[in-house]
Amino acid sequence: MAEEGLLLASHSRSSSSSLLLEISIASTKPFVLAFIVGSCGAFAFGCIIGYSAPTQSGIMQDLNLSIADYSLFGSILTVGLILGALVCGKLTDLVGRVYTIWITNILFVIGWFAIAFAKGVWLLDLGRLLQGISIGISAYLGPVYITEIAPRNLRGAASSLAQLFAGVGISVFYALGTVVAWRNLAILGSIPSLMVMPLLFFIPESPRWLAKVGRETEVKAVLLSLRGETFDVSDEAAEILDYTEHVKQQQDIDGRGFFKLFQRKYVFSLTIGVVLIALPQLGGLSSYSFYTGSIFTSTGVSSHFGFISTSVVQMFGGILGTVLVDVSGRRTLLLVSQAGMFLGCLATAISFFLKENHCWETGTPILSLISVMVYFGSYGSGMGTIPWIIASEIYPVDVKGAAGTMCNLVSSISSLLVAYSFSFLLQWSSTGTFLMFATVIGLGFVFIAKLVPETKGKSLEEIQSLFSDPPPDDSTIF
């Protein structure tokens, strides 16, 4: 059994390497640079998420913070997420994908340095707020940019691989946080964004955004730079321009603005996107991410060993998901991921139940560790990346900004509600809390099985036509 595991791990690493090679061979320098930018943005995202758990004791001791002060530091990130979510759609539609990437990376750097040089709680919280705003913008921007520039045969793998670096960032900071002081860790966190900024001068704008804002003459040139000068992009350019023109004609009929998203013809795609984005948060992701140390300590596990083990498993799950996303498809991976998260959450509930009732005290820490590893490994294999990929695929360009705002807002509010209520829920019942999360995950499995279609192998225009063809009664749902 151990040999099979080693073979599987070796196969996953070689498959991931071959996938990177395929991307580099099948694409041009501008696409590879754009992919690196997207990956670094996701890595920076992960570093921010993974920062608070291993640094809690150090920050509280050095700055003499109370539990309430540190709780504000943890939760204000979600406030920033909500603010970023409110502006992400309009901002990316107004100034374009690349200029918005500039803005998010500048905010990342300012946020990290504010934390690194904080002498009191106000600068600490300000830095975390700015980071939250950046994440709120980039959480949707990153997948959208990659899916809009990638060829259809690599779209899922490229998007998933880029988003995998968010898991890598979390894992790296979980591990580094056990040996690096919190101020030095904050300075290290700024490095990915500082590395990305020079590359932004050399990456192309999204051809679909160019078509949307009336710069049709640049679409073919950008596609040639992304696919190669010898590649025939005529059909792809024509499909983008024709579909964009169709969308503009529909705008003249249906109108413009945020509330256009709530027309009946977008009800299915809006439901799919919002539910998929909210499921991980309502299934306890924020609780696991922000309070992993507390979960380990409560069940008798060494937090340092737990952080490192969880990091390795999440990275392995993410690599496996990236390799399989364009092979098995989005829907299958989502179902497998949900099933694994359900089992992990259920096992966490059982470990708390055993701990509270003083049963199997020698085995409870092991069960707790395994449950968290199963949860994060399963999350990394599907639910960590695929909901954002699907959300970036299914919305037409005229409502993509509004849809991004809505999906991001729902994710942020869900995260805030769970993160804020988690401590109170634990005081009520640790076992009951994780049983609630497991129930939500189980309902999510049924939702995916019944309603979520497969998008593998289709162009963005084909997917969006499938989701938004108007029904006979094209009225709004409100």
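Provided above is the structure to which this section pertains.
The text that follows walks through the structure, step by step, so that each part is easy to find. Please read all numbers here as calculations on a predicted model, not as lab measurements.

### Digging into empty space enclosed by the protein
At step 1: Scanning the entire structure with this criterion turns up three cavities of 30 Å³ or more.
At step 2: Taken as a whole, the largest cavity holds about 700 Å³ of empty space.
At step 3: Among the elements that make up the lining of the largest cavity, the one with the highest residue count is helix α5 (residues 121-149) (seven residues).
At step 4: Per-class residue counts for the lining of the largest cavity are 24 nonpolar, 20 polar and no charged.
At step 5: Its volume calculated, the second largest cavity comes out at about 70 Å³.
At step 6: Lining of the second largest cavity is provided by Glu148, Arg208, Ile240, Tyr243, Thr244, Val397, Lys400, Leu460, Glu461 and Gln464.
At step 7: At the level of elements, α11 (234-254) and α21 (460-468) are the ones that each hand at least two residues to the lining of the second largest cavity.

### Some thoughts on helix α17 (residues 364-383)
At step 1: Over its 20 residues, α17 extends 27 Å from the first C-alpha to the last, a length consistent with the 28 Å expected when each residue adds 1.5 Å.
At step 2: With 14 of 20 residues buried, α17 is to be regarded as a mostly interior element.

### Some details on the packing of aromatic side chains
At step 1: Using the criterion set out here, one finds ten aromatic pairs in the structure.
At step 2: Taking the centre distance of 5.2 Å and the plane angle of 70° together, the rings of Trp102 and Phe201 count as edge-to-face. Taken as a pair, Trp102 in helix α4 (residues 97-116) and Phe201 in the loop between α8 (191-199) and α9 (207-212) lie far apart in primary sequence, 99 residues in all.
At step 3: Relative to Phe376, the ring of Tyr375 lies with its centre 5.8 Å away and its plane at 85°, an arrangement referred to as edge-to-face. In terms of burial, Tyr375 and Phe376 fall into one category: buried.
At step 4: Aromatic ring contacts, followed pair by pair, group Tyr51, Trp112 and Phe173 into a single cluster.

Analysis parameters
Residues numbered from 1 in each chain as written. Predicted model: local features only at pLDDT ≥ 70, side-chain atom pairs only at ≥ 80, totals over all residues. Heavy atoms only, no water. 1 Å grid on protein atoms, 1.4 Å probe; cavity = no way out; pocket = protein on both sides within 12 Å on 5 of 7 lines; lining within 4 Å. Points joined across faces, edges and corners; volume = space filled by probe spheres on them. Helix = DSSP H or I, 4+ residues; strand = E, 2+ residues; numbered from the N terminus. Nonpolar A, V, L, I, M, F, W, Y, C, P; charged D, E, K, R; others polar. Expected span 1.5 Å × (residues − 1). Buried < 20%, exposed > 50% of the residue type's maximum accessible area, 1.4 Å probe, protein only. Phe/Tyr/Trp six-rings, centres within 6.5 Å; stacked < 30°, edge-to-face > 60°.

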